Amino acid sequence: MKQDDPKPFSIAVIPGDGIGREVVPAAVTVLERIGKRFGVEFDFRNFDWGSDYYFQHGVMMPPDGLDSLRGADAILLGAIGHPKIQDNITLNGLLLPIRRAFDQYVNVRPAILYSGVSSPLRSVESGSVDMVVVRENTEGEYAQVGGFVHHHDSKEVAVQTSIFTRQGVERVIRFAFELAVKRNGKKRVTSITKSNAQAFGMVLWDRVFAEVKSQYPQIETESLLVDAATIHFVMRPQSFDVVVASNLFGDILSDLSAAITGSIGLAPSANLDPTRRFPSMFEPVHGSAPDIAGRGKANPLATFLSAAMMLEHLGLSDPSRALDNAVRRLLNEGRWRTPDLGGNSTTQEVTRAIVESI
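Residues numbered from 1 in each chain as written. Predicted model: local features only at pLDDT ≥ 70, side-chain atom pairs only at ≥ 80, totals over all residues. Heavy atoms only, no water.

Novice: Sorry if this is basic, but what is going on with a nonpolar patch on the surface here?
Specialist: Nonpolar side chains collect at one region of the surface, where Val149, Val157 and Val159 lie side by side and expose about 210 Å² of accessible area between them. On the basis of relative accessibility, which here comes to 38%, the residue Val157 falls in the partly exposed class. (Patch = residues over 30% accessible without salt bridge, like charges linked within 9 Å, V, L, I, M, F, W, Y side chains within 5 Å. Areas by Shrake-Rupley, 256 points an atom, 1.4 Å probe, with all protein chains shown as cover. Salt bridge = Lys/Arg side-chain N within 4 Å of Asp/Glu carboxyl O. Buried < 20%, exposed > 50% of the residue type's maximum accessible area, 1.4 Å probe, protein only.)

Written as structure tokens, this is what we have:
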């Protein structure tokens, strides 16, 4: 397949911290191989932002960082986080500003129990789980509205306010239904709230969900409280198709779904602006994992799967499918496995195997 427009796709590459500096270069190597096979050109633009940049400059990225990213077709991010920097600094200094500035209001996190991979749940068979958590990504519990009174005093008060707007809730719920229509799944959308205890924002969410679902009579629905959802994720993960949740609940449940499906090292994600006004960002869920950084133990497959999602978003369906299939074959064959999957293969060995498979 040749792309119609010979102009290279501009990819902003932010390896970030920890194992991000290992898995992102590996993904670039894989994408270069994809480009050669399918006649697609990529213009990779590297940005050295993250914790090392913070130690040098006191900020996670330069003041014009967002402007530097604005013209990219997509952003590939590795991981953000360092044990010597508080997470609120790293998160609010880089990741959240990108999501908000580019209105990446949908976070898509697939969780698939691939053939050849074992779940920690003894009753769950390989290939039986294929769900995706759609997480509201720009408001909700992570809106960063609030503050301190009597800061660092014995009488200190912290106020943290969640923000739920009808527009924000409706657009992410509608995205979830549209995704359920397109997927070859169970045609089911599950909404997660805690409206029995959070009687405003979550009640608005429930009300909007009821309004939107009435417009999709072909889609089966259910609504779960988040505490009940954790139980059902463990007891019947095979029953879920598309799960839609607020920023906080989606964040937590997508980590649980990754564990159920074998390893967080297999969990990709996409931060999407579905309107395509701004670049979308693609990143593995696993974080910077400083305990194994630099040791060649990092599983690069989540980043490769994130890159496959990026290719699909860019309209490169055949290259996306080729990369996804290469990952599936490697997992099914079981020869190359990083430590998180019970093996002793290195990041480089897995990368080389994927490149040779494409």
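Novice: Would you explain the packing of aromatic side chains in this entry?
Specialist: Aromatic ring pairs are defined here through the distance separating the ring centres and the angle between the ring planes. Applying the stated criterion across every chain yields a total of 8 aromatic pairs. Taking 6.4 Å as the distance between ring centres and 70 degrees as the angle between the ring planes, the aromatic pair formed by Tyr54 and Phe55 counts as edge-to-face. Under the relative-accessibility criterion, Tyr54 is labelled partly exposed at 23%. Given a relative accessible area of 45%, Phe55 falls into the partly exposed group. Feature note: the residues Phe9, Phe42 and Phe44 constitute an aromatic cluster, connected by ring pairs. Above the ring of Tyr105, the side-chain terminus of Arg171 is found at 3.8 Å from the ring centroid. (Phe/Tyr/Trp six-rings, centres within 6.5 Å; stacked < 30°, edge-to-face > 60°. Lys NZ or Arg CZ within 6 Å of the ring centre and 35° of its normal.)

Novice: Sorry, what's going on with helix H10 (residues 317–333) here?
Specialist: Residues spaced three or four apart along an α-helix face the same direction, because each turn holds 3.6 residues. Its 17 residues give H10 an end-to-end C-alpha distance of 24 Å, which sits within 8% of 24 Å, the value for a rise of 1.5 Å per residue. Of all the positions in H10, only Pro319, Ser320, Ala322, Leu323, Asp324, Ala326, Val327, Leu330 and Leu331 are classed as buried. Where H10 is buried, its residues touch helix H1 (20–38), helix H9 (301–313) and helix H11 (347–357). (Helix = DSSP H or I, 4+ residues; strand = E, 2+ residues; numbered from the N terminus. Expected span 1.5 Å × (residues − 1). Contact = heavy atoms within 4.5 Å.)

Novice: Can you walk me through the pairing of strand S12 (residues 280–284) in this structure?
Specialist: The side chains of a regular strand alternate between both faces of the sheet. Burial within S12 is extensive, with 5 of its 5 residues counted as buried. Burial of S12 is two-sided: the residues Ser280, Phe282 and Pro284 facing one way and the residues Met281 and Glu283 facing the other way are all buried. In this structure, strand S3 (residues 74–79) lies alongside S12, joined through 3 bridges in parallel fashion. Looking at the pairing, Leu76 lines up with Phe282 of S12. (Pairing = 2+ DSSP bridges.)

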